[in-house]
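# Chain and residue survey
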Amino acid sequence: EVQLVESGGTLVQPGGSLRLSCAASGFTFSDHYMDWVRQAPGKGLEWVGRVRNKANTHTTEYAASVKGRFTISRDDSKNSLYLQMNSLKTEDTAVYYCVRVSGTYRSPNDYWGQGTLVTVSS
Amino acid sequence: DIQLTQSPSFLSASVGDRVTVACRASQDISTSLAWYQQKPGKAPKLLIYDASTLQSGVPSRFSGSGSGTEFTLTISSLQPEDFATYYCQQLNSYPRTFGQGTNVDI
């Protein structure tokens with residue numbers, strides 16, 4: 001059974017930093033691209049970014065709203081995905097989902113974690 | 001960036017109704033579109049990809065159609081468990097983008 005379990009969400013002050021983690025199990029993690037998707041309270045879904053698999057040298061893509069502030073990385077030896085968030089803004093407040101990409105480039109997100117809440121507030 | 005516009009944003013329906021949700025892309029995305037269902041407090045669930053391919057385990061009352069810039073999600077006979085918010089997502093280019101969502105309510 002595919003499982004994605006996020007952790008690390010908490011209350012943080014504007015300008016602060018936070019690192020989210022996602023523990024994956026039930027599939028060959030190293031084969032898959034992985035995404036982060038977020039959802040602000042009461043709002044819609046927003047794609048945050050992607051890290052490709054080892055075969056594609058773990059390259060990354062980001063939404064314009066987070067580029068230069070957020071970094072996505074992975075450790076295939078630990079079946080883990082990470083989201084390093086710096087210079088946090090109040091508008092980054094959201095539930096952050098760790099999401100598996102079913103295949104490669106034009107594939108959908110087929111498994112989602114339960115999400116972890118990040119609150120940016122003073 | 002490719003913008004996706006869903007219509008309607010809110011939809012009131014009854015059990016047994018045929019329901020249609022539209023998604024319009026700001027540029028041609030071929031059939032690179034997915035549909036997701038989200039219930040309150042839960043993570044989204046993949047329903048359809050490649051515009052019309054049903055994800056494994058999803059009931060056959062869900063169907064998708066379209067290509068280019070116009071897409072449709074149809075629920076042939078609405079069931080109580082289908083009351084949720086539905087999102088389209090384009091898979092054609094980066095950044096990936098979602099529609100604003102359609103809330104299907106009783």
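As shown above, the structure is provided for reference.
Residues numbered from 1 in each chain as written. Chains lettered and ligands numbered in written order. Predicted model: local features only at pLDDT ≥ 70, side-chain atom pairs only at ≥ 80, totals over all residues. Heavy atoms only, no water.

## Details of the sheet that holds strand 3 (residues 19-25) of chain B
Residues and elements named next belong to chain B. Definition in use: By the convention used here, strands pair only if DSSP detects at least 2 bridges between them. By the criteria applied, helices consist of DSSP H or I runs no shorter than four residues and strands consist of E runs no shorter than two, each listed in order from the N terminus. Axis angles are defined between N-to-C directions and span 0 to 180 degrees, where every axis is a line fitted to C-alpha atoms and, for a helix, only to the segment in contact.
The strand order across the open sheet formed by four strands is 1-3-8-7, and the pairing between neighbours is antiparallel. Sheet topology places strand 1 (4-7) and strand 7 (62-67) at the edges, where each strand pairs with a single neighbour. On average, each strand axis in the sheet is inclined to that of its neighbour by 15°, with strand direction left out of account. Bridge count for strand 7 against strand 8 (residues 70-75) is six bridges, and the pairing is antiparallel. The residue bridging S67 from the neighbouring strand is E70, located in strand 8.

## A few points about the layout of surface pockets
Quick note on the threshold: A pocket, in this scheme, is an open set of points on a 1 Å grid over the protein atoms alone with protein on both sides within 12 Å along at least 5 of 7 lines, while a cavity is a set where a 1.4 Å probe fits but cannot get out; residues line either one if an atom lies within 4 Å of a point. Grid points are joined across faces, edges and corners, and a volume is the space filled by probe spheres set on the points. In the scheme used here, Gly and all other residues not listed as nonpolar or charged are polar, with Ala, Val, Leu, Ile, Met, Phe, Trp, Tyr, Cys and Pro taken as nonpolar and Asp, Glu, Lys and Arg as charged.
The computed volume of the largest pocket comes to approximately 410 Å³. If you go around the largest pocket, you meet 23 residues; those closest to its centre are Q39 and K43 of chain A together with Q38, T85 and Y87 of chain B. Of all the elements in the fold, those that place two or more residues in the lining of the largest pocket are strand 9 (94-101) of chain A together with strand 9 (85-90) and strand 11 (102-105) of chain B. Of the residues belonging to the lining of the largest pocket, the class tally is nine nonpolar, eleven polar and three charged. Empty space within the second largest pocket amounts to approximately 180 Å³. Forming the boundary of the second largest pocket are L45, E46, W47, A63 and A64 of chain A together with D1, P95, R96, T97 and F98 of chain B. At the level of secondary structure, the elements contributing two or more residues to the lining of the second largest pocket comprise strand 5 (45-51) of chain A together with strand 10 (97-98) of chain B. Of the residues contributing to the lining of the second largest pocket, the split by class is six nonpolar, one polar and three charged.

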